[in-house]
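Summary of structural features
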Protein chains: 4
Amino acid sequence: MIAVLKNGTNDTQIKKLTDWIESLGLQVHLSKGEYQTIVGLVGDTSRVDEDLLISLDIVETVKRISEPFKSANRKFHPDDTVVKVGNTSVGGDAFAVMAGPCSVESCEQVVEIAKAVKAAGATLLRGGAFKPRTSPYDFQGLKAEGIEFLLEAKQQTGLPIVTEIMDASHLPMFEEVDLIQVGARNMQNFELLKELGKTNKPILLKRGLSATIKEWLMSAEYIMAGGNENIILCERGIRSYDSQYTRNVLDLAAVPVLHELTHLPVIVDPSHATGASRLVKPMALAAAACGANGLMIEVHNDPKKALCDGPQSLTPEQFSDVMSSVKKILG
Amino acid sequence: MIAVLKNGTNDTQIKKLTDWIESLGLQVHLSKGEYQTIVGLVGDTSRVDEDLLISLDIVETVKRISEPFKSANRKFHPDDTVVKVGNTSVGGDAFAVMAGPCSVESCEQVVEIAKAVKAAGATLLRGGAFKPRTSPYDFQGLKAEGIEFLLEAKQQTGLPIVTEIMDASHLPMFEEVDLIQVGARNMQNFELLKELGKTNKPILLKRGLSATIKEWLMSAEYIMAGGNENIILCERGIRSYDSQYTRNVLDLAAVPVLHELTHLPVIVDPSHATGASRLVKPMALAAAACGANGLMIEVHNDPKKALCDGPQSLTPEQFSDVMSSVKKILG
Amino acid sequence: MIAVLKNGTNDTQIKKLTDWIESLGLQVHLSKGEYQTIVGLVGDTSRVDEDLLISLDIVETVKRISEPFKSANRKFHPDDTVVKVGNTSVGGDAFAVMAGPCSVESCEQVVEIAKAVKAAGATLLRGGAFKPRTSPYDFQGLKAEGIEFLLEAKQQTGLPIVTEIMDASHLPMFEEVDLIQVGARNMQNFELLKELGKTNKPILLKRGLSATIKEWLMSAEYIMAGGNENIILCERGIRSYDSQYTRNVLDLAAVPVLHELTHLPVIVDPSHATGASRLVKPMALAAAACGANGLMIEVHNDPKKALCDGPQSLTPEQFSDVMSSVKKILG
Amino acid sequence: MIAVLKNGTNDTQIKKLTDWIESLGLQVHLSKGEYQTIVGLVGDTSRVDEDLLISLDIVETVKRISEPFKSANRKFHPDDTVVKVGNTSVGGDAFAVMAGPCSVESCEQVVEIAKAVKAAGATLLRGGAFKPRTSPYDFQGLKAEGIEFLLEAKQQTGLPIVTEIMDASHLPMFEEVDLIQVGARNMQNFELLKELGKTNKPILLKRGLSATIKEWLMSAEYIMAGGNENIILCERGIRSYDSQYTRNVLDLAAVPVLHELTHLPVIVDPSHATGASRLVKPMALAAAACGANGLMIEVHNDPKKALCDGPQSLTPEQFSDVMSSVKKILG
């Protein structure tokens with residue numbers, strides 16, 4: 001981390017600054033030039049508050065050289081993290097496929113879908129029990145009952161289950177859930193992240209609606225700072241100025257970028273990213289091609305009751321077709 | 001709400017659709033044309049799930065004519081809401097000014113600032129006790145102790161206090177807080193919104209980092225659906241592609257837009273929006289000029305300990321200067 | 001196209017409106033309901049000015065059902081367009097690869113690179129002669145001389161060449177250029193597009209920095225309206241709120257979306273999209289996997305003079321490696 | 001400008017770099033530390049190509065301290081520029097008001113509006129003769145004839161005129177135009193900017209649809225680099241993720257930011273920014289309150305022929321009302 005000081009900063013001011021930096025346990029590397037004085041902060045700068053540093057009257061500008069995340073940083077943990085989830089793994093050489101309905105609607109529904117996606121090659125069952133909806137008047141999910149239905153489907157198929165948590169106080173209901181999902185809207189619900197950090201549950205951390213990659217990794221860091229390092233990142237599209245044909249913009253370059261920055265596994269959700277079932281296949285293939293560690297895909301099974309399925313869900317047949325093509329890409 | 005059906009939709013399918021719409025308590029207005037069939041949904045369409053409607057195989061496109069929010073909608077509540085907060089009010093003809101430090105650091109600090117901002121004309125004292133920080137390693141606030149210091153400042157000055165809540169489980173600590181703030185990162189923390197809807201506390205709902213105006217009003221609707229209608233909206237800048245000179249883009253046109261759409265008061269936070277103390281004054285004046293019901297401004301008092309104040313905070317003298325200019329604009 | 005009229009619109013006003021619509025050569029389908037009157041515009045609505053319609057006092061809202069582009073619309077031209085470019089083709093089953101230096105620097109440089117990229121499988125040679133630079137003080141390209149060097153490389157390798165035009169008055173210099181590129185910053189330089197519409201040259205139309213897909217297709221429509229239908233679209237990343245690790249966000253979902261909307265070929269430029277050579281390979285693979293008709297990739301050759309090559313350029317060896325992997329994806 | 005070198009850079013490499021920097025006419029200030037070597041570039045760094053510097057293998061990161069624009073930079077030209085436009089001025093203490101129709105439709109129309117806006121206090125007449133339209137099928141303006149009508153209105157009212165240019169080849173038609181507007185879509189049409197730099201005409205440079213403040217100033221710099229320093233900047237809203245209620249987001253904080261960065265005058269166009277006549281007044285007041293040097297406002301006059309006026313235009317009466325309120329704000 002480098003701070004460039006303003007012209008005219010005097011020695012007393014510099015001394016005060018360097019004393020403070022050293023009090024944080026860092027070393028100072030001072031370079032006084034004819035035109036500018038540069039202060040290098042050497043050591044674990046992840047604990048330096050950049051906003052605070054830049055707010056000092058004598059500081060012209062601040063430049064981080066190392067990233068502010070530490071536990072998530074590949075530099076300090078070069079090997080890929082492989083997260084064990086029930087009887088399967090996410091990360092490393094494995095390619096995880098989490099499939100299932102947007103919302104759990106009934107036990108029959110979720111069991112039937114679970115069987116179908118397992119047959120097509122899914123490695124986890126996904127399904128929403130608690131549903132974050134923009135409107136308070138929209139369906140909010142079956143909640144505890146939804147989790148029970150997922151567990152029943154797990155028992156019948158052996159597939160580990162992943163479902164979303166919306167408040168730390170619900171944690172007791174998630175005891176048998178294999179992988180707890182933090183949704184985009186809660187990516188910076190820091191109190192929830194801290195509570196999840198105290199558990200040893202695998203966490204699927206979705207990217208916030210308009211989160212930067214750095215903010216996303218800092219949210220992973222919140223969980224890891226509590227001692228829980230079982231984190232899987234999930235790119236699900238970001239907000240842009242153009243939402244006419246796709247709900248979000250799927251930022252696939254985030255996949256190789258994250259592989260450089262962090263050792264955590266990264267999966268991709270083409271269903272939410274695009275909001276259109278026709279686009280799930282091409283985006284799933286692209287995700288596989290650029291190195292994602294897995295996919296999360298919405299699958300429904302209900303030709304008679306089409307009223308309740310989202311425009312982004314695949315039928316089991318379509319899902320099966322996606323899976324064969326993905327396998328070809330993976331080689 | 002209008003749904004345009006796809007070419008070739010048959011009468012059985014239309015009957016099934018109109019039956020379902022009527023089962024929601026709505027009337028149907030059907031218009032079969034040579035080229036397209038249009039279904040008008042008449043009644044309280046705020047409870048119709050637009051995603052679900054558009055997902056139907058026979059639906060080409062959906063167009064909302066009335067807004068999906070109801071309690072917050074000016075159409076059904078033409079008069080301005082005036083929210084009573086302690087001994088003061090926000091909304092209507094009053095112009096509220098909430099001023100104080102970003103973080104509460106000590107009792108002396110907050111009492112001193114409270115006295116200074118009151119003298120300059122502030123009507124509420126703001127101060128952060130729980131601090132949402134991007135990094136888990138940054139200062140997280142004094143928490144319960146911070147609230148006590150704010151209450152002490154309230155006792156000494158008579159100013160009602162506003163401070164941010166980050167989790168519903170903290171509510172007991174907020175019993176004596178006059179106005180509870182929901183921060184930008186929690187604008188879609190729906191579980192928190194639901195809990196706040198069960199209280200009768202005035203709520204300051206900040207706009208999310210990249211929330212649309214409609215999403216923001218839907219979050220207000222979450223609180224109001226629970227029975228709590230004491231809501232103040234706060235525009236605090238939105239995320240854009242250019243953050244070199246201002247942290248966010250202050251969307252001032254949201255103020256008159258909201259005055260049309262809703263009866264709830266709208267205030268503006270130029271400190272967080274810009275992230276630069278030099279820009280607080282011009283943006284405060286612009287907010288007053290375009291009809292905001294008030295301002296939220298960061299003020300610090302600590303020339304000796306400049307290390308701990310944000311780059312966006314004003315000194316009490318600067319704040320006093322802003323207040324005189326704002327008064328001129330208000331006329 | 002549907003216009004919903006405001007409550008209280010009288011018959012005289014409706015008559016005036018429908019007369020006007022019919023004067024545009026369209027049929028009117030009127031549906032008067034108890035609550036709302038709906039006007040359907042039937043026929044070639046691409047020539048209806050939506051802004052104008054919505055500005056009418058009696059109109060509540062307008063909804064387009066068919067797209068405003070016509071020549072570019074797959075609906076009216078179901079078969080893929082294959083654009084003939086010199087001795088090669090772009091579109092349909094062919095996979096085009098345009099490779100070469102960001103800027104043409106010398107004849108030797110461009111000839112050497114041309115030979116290298118041809119050997120690795122490129123089908124066109126790219127190179128910048130006129131360079132759009134944000135700063136007037138940055139290198140602006142070799143201009144006419146640069147085009148001569150490209151033509152020399154074409155003669156030695158047989159590769160057709162593609163290079164960017166920045167003003168219609170330069171067209172005489174582009175007479176022997178096989179494919180004329182319109183850069184992102186000129187996507188809505190309508191005077192340039194009109195002039196290109198009068199030629200019969202193949203045009204590579206890059207997406208604007210923050211263009212919507214519809215605006216992009218409307219710009220293609222400008223060229224096609226002049227009679228030139230030889231257009232290739234190129235996705236090159238769009239502007240977002242996060243540019244720390246990638247210069248732009250590569251919107252790969254635009255590829256399958258465009259294949260639905262238009263018959264024109266779509267290629268992808270992973271070099272400009274990411275701005276980082278390390279990310280070119282994964283994004284090239286993803287583009288191939290999701291159905292792009294080709295790639296545009298920056299390649300440089302100059303280990304000794306590294307000062308002049310961009311951080312997004314590949315060496316010929318790296319390019320060759322990308323090509324082998326792409327071929328595997330294409331199967 | 002500071003470049004931080006990578007660990008392990010050797011002396012030969014550093015020597016090669018510093019020689020190159022010195023060859024650009026700059027001085028080098030080298031600081032070798034135990035952990036990192038920092039190279040300070042001292043002098044006129046506006047001519048250093050940042051992309052090029054960061055592309056060097058040995059460079060870890062680059063940080064500009066001074067801005068890359070020079071002629072537009074307030075640092076080198078502390079006094080406000082006042083641009084003389086016909087018989088009026090823009091900048092400094094003057095408050096300019098440019099009003100008139102979106103499109104020039106007839107001589108009578110523009111003369112009538114010119115008289116009305118002059119009576120209400122406008123200082124310039126605006127009107128579109130060449131119209132940049134997203135669709136090739138929309139009205140493209142009266143072109144040369146439109147300029148003649150504007151000149152007739154100028155003769156009858158004495159108001160200087162401002163109108164948009166779309167291609168450098170049209171310059172001869174603009175000889176008697178007092179202020180030439182460069183529209184948002186042409187802000188980075190560098191060939192046009194260069195040609196305008198060779199004239200001595202006052203130029204109104206609108207901000208691009210998603211231009212950063214720095215890019216905008218670099219475009220001003222293109223014109224100034226040619227010798228023409230008569231430039232007025234115009235903020236007209238930027239693209240965002242939310243366009244439901246306003247077409248763009250009006251970035252008013254850009255006004256005080258620009259006043260710090262540059263000596264050029266800055267005006268605001270609330271009509272295009274919002275796209276809604278109801279929002280023009282509050283945004284005009286906000287612009288005046290935060291220090292804009294003027295306004296550009298659309299005014300139409302045609303109650304009988306409402307079909308041809310935009311939803312963002314004011315009537316002369318509404319404009320007159322805006323003017324009285326603006327005068328109160330200006331004090």
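What counts as what
- Counting starts from 1 at the beginning of each chain's written sequence and moves along it residue by residue.
- Labels follow written order: the first chain is A, the first ligand is 1, and so on.
- Under the rules for a predicted model, residues below a pLDDT of 70 receive no local features and side-chain atom pairs below 80 are neither given nor counted, while totals for whole chains, interfaces and linings still include all residues.
- The side-chain values count all of the structure's non-hydrogen atoms but skip hydrogen atoms and water molecules.
- Helix and strand labels come from DSSP, where a helix needs a run of H or I of at least four residues and a strand needs a run of E of at least two; each type is numbered from the N terminus.
- Between buried and exposed lies partly exposed: a residue is buried under 20% and exposed over 50% of the maximum accessible area for its type, with that area taken using a 1.4 Å probe on protein chains only.
- The contact rule is simple, with two residues in contact once any of their heavy atoms fall within 4.5 Å.
- Where accessible areas are quoted, they stem from the Shrake-Rupley method and a 1.4 Å probe; at the residue level, only the protein chains shown are allowed to cover.
- Note that His is not counted, nor are the chain ends; the positive residues are Lys and Arg, and the negative ones are Asp and Glu.
- A charged residue contributes its charge at one atom only: NZ of Lys, CZ of Arg, CG of Asp or CD of Glu.
- The superposition of copies rests on a least-squares fit of C-alpha positions from residues with pLDDT of 70 or more in both.
- Throughout this description, the term salt bridge denotes a Lys or Arg side-chain nitrogen within 4 Å of a carboxyl oxygen of Asp or Glu.
- A pair of strands is considered paired only if DSSP assigns at least 2 bridges between the two.
- By the criterion used throughout, a crossover qualifies as right-handed when its path from the first strand across the helix to the second strand runs clockwise, the strands pointing away from the viewer.
- Given a helix with a known number of residues, its expected span is that number minus one, times 1.5 Å.
- A quick way to say it: buried area is the sum, across both parts, of accessible area lost when two parts are put together, with a 1.4 Å probe.
- Throughout this description, a polar contact denotes any pair of N or O atoms lying within 3.5 Å of each other; where both atoms belong to protein, one of them has to be capable of donating a hydrogen while the other can accept it, and for residues adjacent in sequence the pair is counted only when both atoms sit in side chains.
- pLDDT expresses how confident the predictor is about each individual residue, on a scale running from 0 to 100.
- Classification used: nonpolar for Ala, Val, Leu, Ile, Met, Phe, Trp, Tyr, Cys and Pro, charged for Asp, Glu, Lys and Arg, polar for all others including Gly.

1. Topic: the overall build of chain A
When you go through chain A residue by residue, the secondary structure sums to 10 helices and 14 strands. Projected onto the principal axes, the alpha-carbon positions of chain A cover approximately 80 × 40 × 40 Å. For chain A, with 331 residues in total, the buried portion stands at 65%. A fraction of 67% describes how many contacts in chain A between residues 6 or more apart in sequence connect residues 24 or more apart. If you sum the accessible surface of chain A, you get close to 11,500 Å²; carbon and sulfur atoms cover 49% of it. Taking the average place of the 34 positive charges on the side chains of chain A and the average place of its 41 negative ones, the gap between the two points comes to 2 Å.

2. Details of the relation of the copies chain C and chain B
Between chain C and chain B, the superposition needs a rotation of 180° and an axial shift of 0.0 Å, giving an RMSD of 0.1 Å. The transformation just described matches what one would write down for a two-fold rotation axis. Among all residues of chain C, the one whose C-alpha sits closest to the rotation axis is Tyr241 of chain C, at a distance of 2.0 Å. Counting the interface residues of chain C, we find that 100% of their copies in chain B are interface residues as well, pointing to one common contact surface.

3. Digging into the pattern of salt bridges
Counted under the stated rule, the structure contains 64 salt bridges over all chains. The shortest N-O distance in the salt bridge between Glu50 of chain D and Arg64 of chain D comes to 3.1 Å. Highlighted residues: Glu50 of chain D in helix H2 (residues 50-55) and Arg64 of chain D in the loop between strand S4 (59-63) and strand S5 (83-85), separated in sequence by 14 residues. In this structure Arg64 of chain D comes out as buried when scored by relative accessible area, which is 16%. Sharing partners across several salt bridges, the network here consists of Arg207, Glu235 and Asp251 of chain A together with Asp242 of chain C.

4. Quick notes on the pairing of strand S9 (residues 161-165) of chain B
Each regular strand shows side chains that alternate between the opposite faces of the sheet. Residues and elements named next belong to chain B. In terms of burial, S9 is a largely internal element, 5 of the 5 residues being buried. With 2 bridges connecting them, strand S8 (residues 124-126) and S9 associate as parallel partners. Each residue of the ladder has a partner; that of Arg126, found in S9, is Val162. On the question of chirality, the crossover connecting S8 to the parallel S9 by way of helix H4 (residues 144-157) is right-handed. Bridging between S9 and strand S10 (residues 179-182) involves 4 bridges; their strand directions are parallel. By the bridge assignment for S10, Val162 is matched with Leu179.

5. With respect to the relation of the copies chain C and chain D
Mapping chain C onto chain D calls for a screw motion: a turn of 180° about the axis and a shift of 0.0 Å along it, with 0.0 Å RMSD after fitting. The residues that chain C uses at the interface reappear at the interface of chain D in 100% of cases, marking a shared surface.

6. Focus on helix H3 (residues 107-120) of chain C
All names here are of chain C. The end-to-end C-alpha distance of H3 is 20 Å, a good match for the 20 Å that 14 residues give at a rise of 1.5 Å each. Among all positions in H3, only Cys107, Gln109, Val110, Val111, Ile113, Ala114, Val117 and Ala120 are buried. Tucked into the core, H3 has its buried residues touching strand S7 (96-100), strand S8 (124-126), helix H4 (144-157) and helix H10 (316-330). Looking at the residues trailing H3, positive phi occurs at Gly121, about 115°.

7. Quick notes on the interface of chain C and chain D
Counting residues at the interface gives 49 residues for chain C, matched by 49 residues for chain D. Across the chain C to chain D interface the summed buried area is about 4,300 Å²; carbon plus sulfur atoms make up 52%. Inspection of the chain C/chain D interface yields 4 salt bridges. Asp49 of chain C is the partner of Arg133 of chain D in a salt bridge, and the nearest nitrogen-oxygen pair spans 2.8 Å. The interface formed by chain C and chain D holds 19 residue pairs in polar contact (both at pLDDT 80 or more) in total. Elements represented by at least two residues in the side of chain C that touches chain D include exactly helix H1 (11-23), helix H2 (50-55), helix H5 (190-197) and helix H6 (213-225) of chain C.

8. Structural notes on the confidence of the model for chain A
The predicted model of chain A has a mean per-residue pLDDT of 92, with 97% of residues at 70 or higher. In the predicted assembly, ipTM is 0.92 and pTM is 0.94.

9. Structural notes on the side chain of Lys206 of chain B
Residue and element names in this part refer to chain B. Note on placement: Lys206 falls in strand S11 (residues 203-206). With relative accessibility at 4%, the residue Lys206 sits in the buried group. At a separation of 2.6 Å, a polar atom in the side chain of Lys206 contacts the side chain of Asp269.

10. Some details on the interface of chain C and chain B
Listed by partner, the interface residues are 20 residues for chain C and 20 residues for chain B. Both faces combined, the contact of chain C with chain B buries some 1,700 Å², and carbon together with sulfur accounts for 65% of it. Remark: the boundary between chain C and chain B carries 0 salt bridges. Counting across the chain C and chain B interface gives 4 residue pairs in polar contact (both at pLDDT 80 or more). Of all the elements in the fold, those that place two or more residues in the side of chain C that touches chain B are strand S1 (2-5), strand S2 (27-32), strand S3 (37-42) and strand S4 (59-63) of chain C. Taken together, the residues that form the side of chain C that touches chain B break down as 8 nonpolar, 8 polar and 4 charged.

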